[in-house]
Structures are given as C-alpha cells and as structure tokens.
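A structural walkthrough
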Amino acid sequence: SALLLQRGVNSFEGARKFFRPSLDDLHLPDDMKDMNLAVERLKSAIDRNEKILVYGDYDVDGTTAVSMVYSYLKSFYPHCDYYVPDRSSEGYGVSKAGVLYAEANNVGLIIALDLGIKASDMVVLATLKGIDFIICDHHLPGKEVPNAVAVLDPKRNDCTYPFKELSGCGIGFKFLQAFARRHRNEKEVYEYLDMVAVSIASDIVPIIG
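Remember, it's a predicted structure, so these values are computed and weren't measured experimentally. (Residues numbered from 1 in each chain as written. Predicted model: local features only at pLDDT ≥ 70, side-chain atom pairs only at ≥ 80, totals over all residues. Heavy atoms only, no water.)

A closer look at the pattern of salt bridges
Oppositely charged side chains can form a pair if their charged atoms are brought close together. Let me state the cut-off plainly: Salt bridges, as used here, are contacts in which a Lys or Arg side-chain nitrogen is within 4 Å of a carboxyl oxygen on Asp or Glu. Residue burial is assigned from relative accessible area. The probe radius is 1.4 Å, only protein chains are included, and a residue is buried under 20% of its type maximum, exposed over 50%, and partly exposed in between.
Per the stated rule, a full pass over the model turns up 14 salt bridges. For Glu-50, the salt bridge goes to Arg-48, with nearest N and O atoms at 3.0 Å. Classification of Glu-50 as buried rests on a relative accessible area of 14%. Within this structure, Arg-41, Arg-48, Glu-50 and Asp-132 form a network of salt bridges that share partners.

Regarding the environment of Gly-130
Convention followed: Every helix listed is a DSSP run of H or I at least four residues long, and every strand listed is a run of E at least two residues long, numbered separately from the N terminus.
Secondary-structure assignment places Gly-130 in the loop between helix H6 (120-128) and strand S4 (132-136). Through-space distance from the C-alpha of Gly-130 to that of Gly-108 is 6.9 Å; in sequence the pair is 22 residues apart.

Quick word on the packing of aromatic side chains
Our working rule: Pairing of aromatic rings covers Phe, Tyr and the six-membered ring of Trp, with a centre-to-centre limit of 6.5 Å; geometry is then stacked below 30 degrees between planes, edge-to-face above 60, and tilted otherwise.
One pass over the structure, following the stated rule, counts eight aromatic pairs. Each ring, one from Phe-18 and one from Phe-19, has its centre 5.2 Å from the other, and the planes form 85°; the classification is edge-to-face. The exposure class of Phe-19 is exposed, given its relative accessible area of 58%. Seen from their ring centres, Tyr-83 and Tyr-101 are 5.1 Å apart, and the 45° between their planes marks the pair as tilted. In this pair, Tyr-83 sits in strand S2 (residues 80-83) while Tyr-101 sits in helix H5 (residues 96-104), placing the two residues 18 residues apart along the sequence.

Details of the nonpolar core
Here is the rule we go by: Take the buried Ala, Val, Leu, Ile, Met, Phe, Trp, Tyr and Cys residues and link them wherever side-chain atoms come within 4.5 Å; each set so joined is a nonpolar core.
Within the largest apolar cluster, 39 residues are counted, with the highest numbers of intra-cluster contacts made by Leu-42, Ile-52, Leu-73, Ile-111 and Phe-175. Among the elements that make up this core, the one with the highest residue count is helix H7 (residues 168-183) (eight residues). Core analysis: the next-biggest nonpolar cluster, separate from the first, contains 21 residues, Tyr-83, Val-94, Ala-102 and Ile-135 among them.

Below is the structure:
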C-alpha cells in the first residue's frame with residue numbers, strides 16, 4: 001500500500017487498474033499533437049513506394065523502438081531500412097552521417113525514435129536534400145520544436161495527450177496504433193507490446209498509467 005501511495009495510486013479502483021491493466025485503458029493515440037500529420041505522411045510514403053528509414057537511439061529504449069517500428073512496417077511494406085548511430089563516432093541524436101546515409105540510399109522519409117526533439121539543424125539539412133522527418137521523442141523540447149512534418153512528444157507545451165511519461169518506444173507504439181486504426185488492423189500492433197515493456201523498464205520511466 002505504501003508503494004502504491006508513492007506512485008499516486010490511492011484508491012481501490014486505481015490499485016485494480018495498476019495490477020490488472022487492460023488494453024481498453026489505452027489512451028487514444030489521436031490525442032497526441034501532430035498524430036494526424038504523422039499518420040498521413042506515413043500513408044503517403046507507402047502509397048508512393050518511398051524508402052523509409054527507421055532511425056533510433058543506441059540505448060535499449062531506442063533499439064526496441066527501431067525493432068518494433070521496422071518489424072511492423074516490414075511485415076507488409078518492403079521498402080524499409082533502419083539506422084542506429086554509432087555511440088563513439090556519431091554521439092547522441094540525429095547525426096549528419098545518418099542524414100547523408102539516408103540521402104545515399106534514396107530515403108524519402110525518416111522516422112526518428114527516442115531522439116530528434118532537439119535536431120532542428122539536421123531536420124533542415126534533410127529537408128534541403130528532399131527528405132522528410134517524423135519525430136517520435138519523449139525528451140523535453142528546447143525553445144524551438146524542429147520544423148519536421150510531425151513531432152510526436154507528449155512533453156510539448158501544446159500537446160494535450162493525457163500521459164506525459166511514455167518511453168520513446170511507447171511513443172512509437174502510439175504512432176503505429178494510430179496508423180493501424182485507420183489503415184490496417186489495430187490488433188497487429190499489440191504483438192509488439194513486449195518491446196514497449198522492455199523499453200519502459202530499461203529507460204526507467206514511471207510504471208504507471
């Protein structure tokens with residue numbers, strides 16, 4: 001009981017939901033700022049047979065996110081690739097090497113996972129090369145939100161999504177959920193929830209909600 005109270009769970013109903021969560025309790029993905037823009041850009045990329053690059057951080061949250069999004073897209077769309085920057089030579093975030101890799105491989109759309117909220121300069125570089133960005137990040141934004149096609153981040157001041165503590169992989173999941181609800185079968189994305197669970201535990205985000 002003391003542990004539950006520390007997590008803000010102070011009722012029987014809250015405790016029941018904590019110990020017996022249901023998929024029915026998931027918030028609607030469309031409540032996230034820019035979700036409609038993200039879904040429609042992904043759909044147009046698929047309709048036009050553009051090459052999609054799934055780009056993610058090198059930690060567990062980032063690599064589970066990349067694995068989840070890449071695996072889901074690859075299950076029905078062949079023109080996908082993935083990129084995880086090298087920790088020592090490229091460092092954290094969207095790198096110039098990554099954007100140049102996308103250009104060299106004729107990528108039309110980059111989906112950035114667990115990074116990108118402070119990558120305004122790399123988004124500009126990509127735009128100059130004819131490459132669009134969808135950013136899925138859970139870190140605090142800086143003063144400027146990148147001028148990407150869509151920036152999914154519950155910690156944006158203008159985002160009304162009710163839960164602010166998703167992992168990066170969790171935000172990627174909400175993106176896939178929104179896409180599947182409109183264009184495929186939502187149940188297809190549930191098989192990737194194990195990766196979301198690993199990302200939550202590994203990235204030490206609150207295990208609530």
